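Coordinate analysis (summary)
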Amino acid sequence: MKMTKLVIIGGFLGAGKTTCILELTKMLRSDGKKVGVITNDQGSSLVDTEYLKQQDLPVLEVTGGCFCCNFSEFAERLSQMTEQHLPDFILAEPVGSCTDLVATIMKPMAMLNYNFTMSPLSVVVDPLRLWKVMSESESPFPDEINYLFRKQLEEADIILLNKTDTLLPAETEDMLSFLQHEYPGADVIPVSAKKRKGLEVWLSKIAEYKPATGKPSLDIEYDIYARAEAFLGWLNLTAAVNCKDGFNADSFLEQTAEAVKAALAENQNEIAHLKMYIVSRDKYARLSCVSTHDDVKFDRKMSACVNEASLVINIRAAAEPELLHQITEKAVGAAAQAHDCTVTVREVEAFKPAYPRPLHRI
Ligand SMILES: Nc1nc2c(ncn2[C@@H]2O[C@H](COP(=O)(O)OP(=O)(O)OP(=O)(O)O)[C@@H](O)[C@H]2O)c(=O)[nH]1
Ligand SMILES: [Mg+2]
């Protein structure tokens, strides 16, 4: 019987997990392999799920909490994926504010005899966030988030230093040395998911049909971890956008994102990850911003005027949920007015993640 390989790809919010998954999937498929993806969030209505589905990929999600706190649902989705699609690989992306995956996912999966070969744990890291930790420069986030960020790296079998296309060669070398020195048990691989660089080295490590290296469970203080998670506010919003004469969906999305970013920057509420997605039939656009000091960037543009579209907004930022809600609705309203559209909000969730209580911890 074919054993599906389960690859867990963790890392902090906005590090590039979904982009790595997308590009790895393309490589695996060109090699004739079947792939399924499981996404995960503290809320529902996920940009990542919608975006990945557009690539004609089977995607299932675990919403309303991380994989570890919803372990049974995670296991159910894995079985569902296996039964429905018989994939060679399942790529699973835990919530970016989640850690302790060895103790709460990897070990329970192995011990409870699930029918998967566990791949080494891959953790993606964004150079800008890493730089803040390396240089001990003033961070927009409190120490608890730096603690969480470091714990994510500490348990990695493979660390992917991503976005190396934004670095000078000497900067990449400095960061690689730092990671190798701080986390000697991990394979550190420089990649640029966006430019598809370095991914074949990663693939060669995870495609080997041998079990994960079996790292010890983290020594982690859950109260600090919980404070880190609860420091961030989460906002997930879905809406219908209509305009009888047609509107430019890219411009609508960009204006909304820029207005949210400006309002957060004004209040010094740092962004962890802001992402927006808009779809109209077979056309879609997605943009993203990973800091108030970062530009809003399109991953894909719709390049069309449309009469109706569905909008999905996910924001994780150092702000109270009510403030995120107000800022977002105001930004959407202003973009609607500027584009002569009507917006009907379908669903809004604004909250702080609950204390992490994994089902299993080994
Ligand atoms: N320059 C550059 N940008 C990248 C690279 N990989 C990802 N990005 C960008 O980083 C942003 C975040 O990428 P995602 O893949 O959504 O990050 P994520 O880790 O899945 O984010 P969450 O799911 O919110 O935790 C997007 O704008 C990506 O285009 C890369 O290799 N180079
Ligand atoms: Mg993602």
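That block above? That's the structure.
Owing to the predicted nature of the structure, the values given are computational and were not obtained by experimental measurement.

Details of the site of ligand 1
- Near ligand 1 there are 22 residues, and of these Lys17, Thr19, Asp165, His273 and Asp299 occur at the shortest range.
- At a separation of 2.6 Å, an oxygen atom of ligand 1 approaches a polar side-chain atom of Lys17.
- Coverage of ligand 1 by the protein chains reaches 94% of its 650 Å² of free accessible surface.
- For ligand 1, the cavity whose grid points lie within 2 Å of the majority of its atoms is the largest pocket.
- The biggest single contributor to the shell around ligand 1 is helix 1 (residues 17-30), with three residues.
- Split by domain, the shell around ligand 1 shows at least three residues from each of two domains, domain 1 (4-212 + 220-228) and domain 2 (232-351).

A short note on the coordination of the magnesium ion (ligand 2)
- Listed as protein donors to the magnesium ion (ligand 2) are Thr18 (OG1), Asp48 (OD) and Glu93 (OE); their distances from the metal cover 2.0 to 2.2 Å.
- In the primary sequence, the donor residues of the magnesium ion (ligand 2) line up as T-x29-D-x44-E. Taken together, the residues span a long stretch of sequence, with Asp48 in helix 2 (residues 47-53) and Glu93 in the loop between strand 4 (89-92) and helix 4 (101-111) at a distance of 45 residues.
- Taking the relative accessible area as the measure of exposure, Glu93 reaches 7% and is therefore buried.

A word on the packing of aromatic side chains
- In the structure shown here, the tally under the stated rule is eight aromatic pairs.
- On the basis of an interplanar angle of 20° and a centroid distance of 4.0 Å, the ring pair of Phe67 and Phe74 is categorised as stacked. Of the two residues examined, Phe67 and Phe74, each falls in the buried class.
- Members of the aromatic cluster, each reached through a chain of ring pairs, are Phe12, Phe141 and Phe149.
- It is Lys301 that lies over the ring of Phe298; its NZ or CZ is 4.9 Å from the centre.

With respect to the pattern of salt bridges
- As enumerated under the stated definition, the model contains 18 salt bridges in all.
- A salt bridge links Arg286 to Asp48; the shortest N-O distance between them is 3.2 Å. Highlighted residues: Arg286 in strand 11 (residues 283-289) and Asp48 in helix 2, separated in sequence by 238 residues.
- On the basis of relative accessible area, Asp48 is assigned to the buried category, the value being 6%.
- Measuring nitrogen to oxygen at the nearest pair gives 3.1 Å for the salt bridge that ties Glu144 to Arg227. With Glu144 in helix 6 (residues 143-154) and Arg227 in helix 9 (residues 222-231), the pair connects residues that are 83 residues apart, well separated along the chain.

Regarding the nonpolar core
- Ile38, Met109 and Leu179 are the most contacted members of the largest nonpolar core, which totals 57 residues.
- Mapping this core onto the domain boundaries places at least three of its residues in each of domain 1 (4-212 + 220-228) and domain 2 (232-351).
- Leaving out residues up to four positions away in the same chain, Met109 has contacts with Leu6, Phe71, Phe74, Ala75, Leu78, Tyr114, Phe116 and Met118.

Concerning a nonpolar patch on the surface
- Taken together, the side chains of Met111, Leu112 and Ile362 make up a nonpolar region of the molecular surface, amounting to roughly 290 Å² of accessible area.
- Counting through the fold element by element, Met111 comes out in helix 4.

Rules and cut-offs
- Residues numbered from 1 in each chain as written.
- Chains lettered and ligands numbered in written order.
- Predicted model: local features only at pLDDT ≥ 70, side-chain atom pairs only at ≥ 80, totals over all residues.
- Heavy atoms only, no water.
- Near = heavy atom within 4 Å.
- Polar contact = N/O pair within 3.5 Å; in protein donor to acceptor, adjacent residues only side chain to side chain.
- Areas by Shrake-Rupley, 256 points an atom, 1.4 Å probe, with all protein chains shown as cover.
- 1 Å grid on protein atoms, 1.4 Å probe; cavity = no way out; pocket = protein on both sides within 12 Å on 5 of 7 lines; lining within 4 Å.
- Sits in = over half its atoms within 2 Å of the grid points.
- Helix = DSSP H or I, 4+ residues; strand = E, 2+ residues; numbered from the N terminus.
- Domains from an automatic or database assignment.
- Donors = N, O, S within 2.8 Å, 3.2 Å for Na, K, Ca; no water.
- Buried < 20%, exposed > 50% of the residue type's maximum accessible area, 1.4 Å probe, protein only.
- Phe/Tyr/Trp six-rings, centres within 6.5 Å; stacked < 30°, edge-to-face > 60°.
- Lys NZ or Arg CZ within 6 Å of the ring centre and 35° of its normal.
- Salt bridge = Lys/Arg side-chain N within 4 Å of Asp/Glu carboxyl O.
- Core = buried A, V, L, I, M, F, W, Y, C linked by side-chain atoms within 4.5 Å.
- Contact = heavy atoms within 4.5 Å.
- Patch = residues over 30% accessible without salt bridge, like charges linked within 9 Å, V, L, I, M, F, W, Y side chains within 5 Å.

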